[in-house]
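Each chain, written out:
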Amino acid sequence: MATKLLNNIFCNGRKLTNVRYFARNIRKDPFKKTLDVLAIDMPSFSNKKKDFVYPEHSDIVIIGGSHIGSAIAHALKARTGEGLSVVVIEKDFTFKKAQNNVVLGTLSQHFSLPENVHLSKYSIDFLRGVRETLNEDCDLQYTPTGSLVLAGEKYADKLEENIVMLNELGVRNQVLTKTEINRRFPWINTQDIKLGCMAIEGEGTFNSWSLLKALVQKSKELGTTYVNAEVVGFDVEKQKDVLMEGVTPGTFRRINKVIYRTEDNEEYALKFAVCVLAAGSNSGHLAKLAGIGTGKDILQIPLPVEKREYNVYSVEGKASETGLCTPMVMDTTGLWLMRNGMENNLLCGNLPLMKDDTKNMSEQEYLEKLIKPSLINRFPSCENAEINKFTKESHDCNTYDNSGILGPHPYHNNLFLATGFGRLGCQHAPGIGKAITELIIDSQYMTIDLTRFGFDRFLMNEALVEFNVY
Ligand SMILES: Cc1cc2nc3c(=O)[nH]c(=O)nc-3n(C[C@H](O)[C@H](O)[C@H](O)COP(=O)(O)OP(=O)(O)OC[C@H]3O[C@@H](n4cnc5c(N)ncnc54)[C@H](O)[C@@H]3O)c2cc1C
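The following refers to the structure shown.

Calculation notes
- Position labels on residues start from 1 in each chain and follow its written sequence.
- Totals for whole chains, interfaces and linings use every residue, but because this is a predicted model, local features are given only for residues with pLDDT of at least 70 and side-chain atom pairs only at 80 or more, for both listing and counting.
- One requirement defines pairing of two strands: DSSP has to find at least two bridges between them.
- Helical segments are the DSSP runs of H or I of at least four residues, strand segments are the runs of E of at least two, and each set is numbered from the N terminus.
- Only C-alpha atoms enter the line fits that serve as axes; for helices the fit covers just the stretch in contact. Angles between N-to-C directions range over 0 to 180 degrees.
- To estimate the expected span of a helix, count its residues, drop one, and scale the result by 1.5 Å.
- With C-beta atoms placed from the backbone, a residue counts as buried when 20 or more other C-beta atoms lie within 10 Å of its own, as exposed when 12 or fewer do, and as partly exposed for counts between those limits.
- By the convention adopted here, residues make contact when the C-beta atoms placed from their backbones lie within 7 Å.
- Here, a nonpolar core denotes buried Ala, Val, Leu, Ile, Met, Phe, Trp, Tyr and Cys residues that are linked to one another through C-beta atoms within 7 Å.

**Some words on the sheet that holds strand S6 (residues 147-151)**
Reasoning step 1: Ordered by their spatial adjacency, 8 strands build an open sheet running S7-S8-S6-S14-S15-S16-S13-S17, and the pairing between neighbours is mixed. Each edge of the open sheet carries a strand with a single partner, namely strand S7 (173-177) and strand S17 (387-398). The mean angle between the axes of side-by-side strands here comes to 20°, regardless of whether they run parallel or antiparallel.
Reasoning step 2: Bridge count between strand S13 (residues 305-315) and strand S16 (residues 346-350): 3 bridges; the pairing is antiparallel. Paired with tyrosine 313 across the strands is cysteine 348, a residue of S16.

Okay, here's the thing in structure tokens:
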């Protein structure tokens with residue numbers, strides 16, 4: 001039946017050498033195996049979905065089927081049609097743990113890195129045309145709230161520099177003086193504010209869950225195979241003749257298969273030409289399974305992506321005071337505040353920090369020491385408001401410089417990374433899909449040059465920092 005292979009496997013962080021397995025199924029309960037054999041002759045013995053065959057090979061395999069993974073699958077299939085086979089392996093189709101399952105997706109263009117501005121502009125166009133591109137029933141519930149970025153004395157010059165860049169890139173925005181902020185948003189305390197900036201179009205909130213559903217559905221229609229399973233390892237093959245700078249001659253090993261475990265606790269190996277890692281906060285761990293961060297030479301450098309969790313709070317009964325035109329406000333301290341759609345509460349939270357300084361704080365301390373002082377300083381009328389925990393969210397934090405990581409890994413050049421975008425992953429997903437497709441098909445970026453997001457910056461120790469917080 002299946003091919004026997006003798007190879008090295010990285011599984012759950014351990015390197016298993018000379019493990020013998022079958023490509024079709026590498027770990028199977030003997031009882032289930034017997035039932036499966038019987039089911040071939042007598043289908044009533046089988047309790048599996050009849051027509052699903054776990055794939056053994058594919059041109060492209062994408063690990064993680066949330067916003068970024070599915071946007072990549074969609075872009076690849078939209079461009080190549082039948083020409084490329086694409087498999088997405090996703091461990092949780094309810095997407096309960098995917099990052100943006102609860103909070104409204106926000107769309108912003110206010111960034112200091114031109115790459116982030118270009119990605120936002122691409123997404124805005126994509127979202128405008130979503131009914132034609134993805135599904136005519138897709139209801140994104142886009143609300144053009146706008147966003148207001150505030151700068152104190154210290155960062156006012158930086159904000160002005162940014163505004164010049166935004167204007168050059170065609171992002172229409174308005175600079176607001178302290179007096180203008182007071183006039184338009186009298187509920188904001190401007191004592192320690194020097195300047196504000198609001199984009200005039202293309203900033204607001206959307207239903208990120210509707211976007212995800214439409215991306216998955218369209219990708220499937222275009223022929224992507226979605227597999228409900230967890231990737232638990234990689235298979236590597238020795239390539240002694242490969243010479244690579246920074247790698248000891250004769251030691252090169254190329255990943256060529258992912259090992260995945262299904263709901264039935266069975267393991268399969270899938271051979272690929274290209275693997276894309278889009279597994280959110282689990283990406284750092286999965287990279288380790290491919291030897292990234294556990295090996296020698298280039299492989300010493302880990303993929304610096306970790307899970308960061310933080311609470312989102314609801315400020316009850318305050319939205320009627322701030323009004324329907326409440327923009328998403330980015331405070332000087334890292335606090336953000338927005339309306340909860342048409343509800344009468346406001347949502348707020350603090351941008352997760354690169355250094356996990358808050359991990360030893362209790363929830364009460366986090367609220368009292370981090371959230372409340374900034375909230376009450378900026379919005380004094382919240383002093384006596386009821387504040388409740390709304391939800392706990394997690395995101396994929398790039399602990400090196402907090403910016404996205406995109407493109408091929410310098411050692412495993414058949415492994416493309418698309419992770420670490422943190423709170424921007426959802427809004428940037430369409431542009432990331434396009435960019436990874438170009439890298440795979442054209443071997444270079446054609447639409448937006450995102451080279452600076454590459455893994456190489458960790459090798460060169462050149463941080464790429466987004467200063468969108470003042
Ligand atoms: C509070 C909060 C607010 C946010 N607000 C915004 C916003 O306003 N705008 C915005 O653009 N973004 C926002 N984000 C970020 C956004 O939600 C994420 O960046 C986006 O969901 C990224 O998607 P992703 O596909 O990279 O990762 P995820 O959504 O985390 O998905 C990763 C997927 O990989 C799967 N997976 C992981 N490991 C494995 C494995 N071993 N095998 C198979 N599958 C695996 C997981 O099940 C998951 O579905 C916010 C995030 C948070 C926490």
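**Things to note about helix H2 (residues 67-80)**
Reasoning step 1: In a regular helix each residue adds 1.5 Å, so 14 residues correspond to 20 Å; H2 covers 20 Å between its end C-alpha atoms and thus fits that length.
Reasoning step 2: Of all 14 residues that make up H2, 11 are buried, and the element is covered over most of its length.
Reasoning step 3: Buried-residue contacts for H2 involve strand S3 (57-63), strand S4 (86-90), helix H7 (208-221), strand S12 (267-277), strand S19 (415-419) and helix H11 (425-442).
Reasoning step 4: Taken from the residues just after H2, glycine 81 is the one with a positive phi, measuring 55°.

**Overview of unusual backbone geometry**
Reasoning step 1: Even without being glycine, asparagine 402 reaches a positive phi, approximately 65°.
Reasoning step 2: Tracing the backbone through its elements, the reader meets asparagine 402 in the loop between S17 and strand S18 (405-408).
Reasoning step 3: For asparagine 402, a count of 23 C-beta atoms within 10 Å corresponds to the buried category.
Reasoning step 4: The phi dihedral of asparagine 461 falls on the positive side, at around 55°, and the residue is not glycine.
Reasoning step 5: By the secondary structure assignment, asparagine 461 is in the segment after helix H12 (456-460).
Reasoning step 6: Overall, asparagine 461 belongs to the exposed group, with 8 C-beta atoms counted inside 10 Å.

**Overview of the nonpolar core**
Reasoning step 1: The biggest cluster of nonpolar side chains holds 73 residues, and the ones touching the most others in it are Ile63, Ile72, Val258, Val276, Leu277 and Ala418.
Reasoning step 2: The leading source of residues in this core is S12, at 8 residues.
Reasoning step 3: With near-sequence residues (within four places) excluded, valine 276 lies in contact with Ile60, Ile62, Ile63, Ile72, Phe416, Ala418 and Ile436.
Reasoning step 4: One finds Leu148, Val315, Cys348 and Leu375 within the second-largest nonpolar core, a separate group that totals 28 residues.

**Topic: the environment of tyrosine 54**
Reasoning step 1: The residue tyrosine 54 is located in the loop between helix H1 (30-41) and S3 in this model.
Reasoning step 2: On the neighbour-count criterion, tyrosine 54 (17 C-beta atoms within 10 Å) is partly exposed.
Reasoning step 3: Along the backbone, tyrosine 54 and leucine 270 are 216 residues apart, and their C-alpha atoms lie at a distance of 8.8 Å.
Reasoning step 4: Discounting residues that sit within four places of it in the chain, tyrosine 54 has contacts with Val227, Thr262 and Tyr268.

These values are about where atoms sit, not about what they do.
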